[in-house]
Amino acid sequence: MPTYVIEREIPGADKLSASELKDISAKSNEVVAALGVPYEWITSYVAGDKIYCVHEAESADIVRRHAEEGGFPANKVTEVAAVIGPATARGA
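Each value, and the rule that gives it
Residues numbered from 1 in each chain as written. Predicted model: local features only at pLDDT ≥ 70, side-chain atom pairs only at ≥ 80, totals over all residues. Heavy atoms only, no water. Helix = DSSP H or I, 4+ residues; strand = E, 2+ residues; numbered from the N terminus. Buried < 20%, exposed > 50% of the residue type's maximum accessible area, 1.4 Å probe, protein only. Axes fitted to C-alpha atoms, helices over the stretch in contact; angles between N-to-C directions. Parallel < 35°, antiparallel > 145°, perpendicular 65-115°, else oblique. Left-handed = near helix turned anticlockwise from the far one by under 90°. Contact = heavy atoms within 4.5 Å. Pairing = 2+ DSSP bridges. Core = buried A, V, L, I, M, F, W, Y, C linked by side-chain atoms within 4.5 Å. Arc of directions from axis to C-beta.

K.L.:
Can you help me understand the overall build of the protein in this one?
P.N.:
From N to C terminus, the protein includes three helices and four strands. In the protein, the succession of helices and strands from N to C terminus is β-α-β-β-α-β-α. Projected onto its principal axes, the C-alpha positions of the protein cover 40 × 30 × 20 Å. Burial analysis of the protein (92 residues in total) assigns 25% to the buried set.

K.L.:
What's the story with the packing of helix H1 (residues 18–35) against helix H2 (residues 60–70) in this structure? I'm lost.
P.N.:
Geometry of a packed helix pair, given as the angle between the helix axes and the separation of the axes. Direction vectors running N to C along H1 and H2 enclose 125°, while the axes themselves pass 9 Å from each other. The pairing of H1 with H2 is recorded here as oblique in orientation. Here H1 and H2 pass one another in a crossing that is right-handed. Listed contacts from H2 to Lys 27, Ser 28, Val 31, Val 32, Ala 34 and Leu 35 of H1 are Ile 62, Arg 65, His 66, Glu 69 and Gly 70.

K.L.:
How should the sheet that holds strand S4 (residues 76–79) be read in this particular structure?
P.N.:
Strands pair in a sheet through their backbones, by hydrogen bonds, and they do so in one of two ways: parallel or antiparallel. One open sheet accounts for four strands, arranged S2-S3-S1-S4; its pairing is antiparallel. The two strands at the open ends of the sheet, each matched to only one other strand, are strand S2 (39–47) and S4. Neighbour to neighbour, the strand axes of the sheet diverge by 20° on average, direction disregarded. In this structure, S2 lies alongside strand S3 (residues 50–57), joined through eight bridges in antiparallel fashion. When the bridges of S3 are listed, Tyr 45 appears paired with Tyr 52. Against the sheet, H2 touches strand S1 (3–9), S2, S3 and S4, its axis set at about 35° to S1.

K.L.:
Please clarify how the nonpolar core should be interpreted in this entry.
P.N.:
Most often, soluble globular proteins have nonpolar side chains that are buried together. Counting 14 residues, the largest nonpolar core has Tyr 4, Tyr 39, Ala 57, Val 63 and Val 77 as the members making the most contacts within it. If you list the elements that add at least two residues to this core, you get S1, H1, S3 and H2. Apart from residues lying up to four places away in sequence, Tyr 39 is in contact with Met 1, Val 32, His 55, Glu 56, Ala 57, Ile 62, Val 63 and His 66.

K.L.:
For this particular structure, what's the right way to read H2?
P.N.:
Since the α-helix turns once every 3.6 residues, residues separated by three or four places project in the same direction. Turning to H2, its buried residues number three or more, namely Ala 60, Ile 62, Val 63, His 66, Ala 67 and Gly 70. The buried residues of H2 occupy an angular sector of 165° when projected down its axis, which confines them to one face. Among the exposed residues of H2, those pointing more than 90 degrees away from its buried face are Asp 61 and Glu 68. Summarising the contacts, the buried residues of H2 are in contact with S1, H1, S2, S3 and S4.

Here it is in structure tokens:
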């Protein structure tokens, strides 16, 4: 299943409380469960006025559907072409 990075512009995202982040996470989980298609939320990073999410889905359209049904912005949805890290340099 393809992996996508979703850029969500949310002013003040880095100032959201733990309770607010918990509520957002719960809503996302509810929407994932109700989609009726293979979908997995891998992780998200809160940075400044944005939240960057990593999801696996069959298509970018399904990622956008998740955002719409959850009431989340999905300002940019990009399919991941490759994953690299320190081990990549070692040929591992």
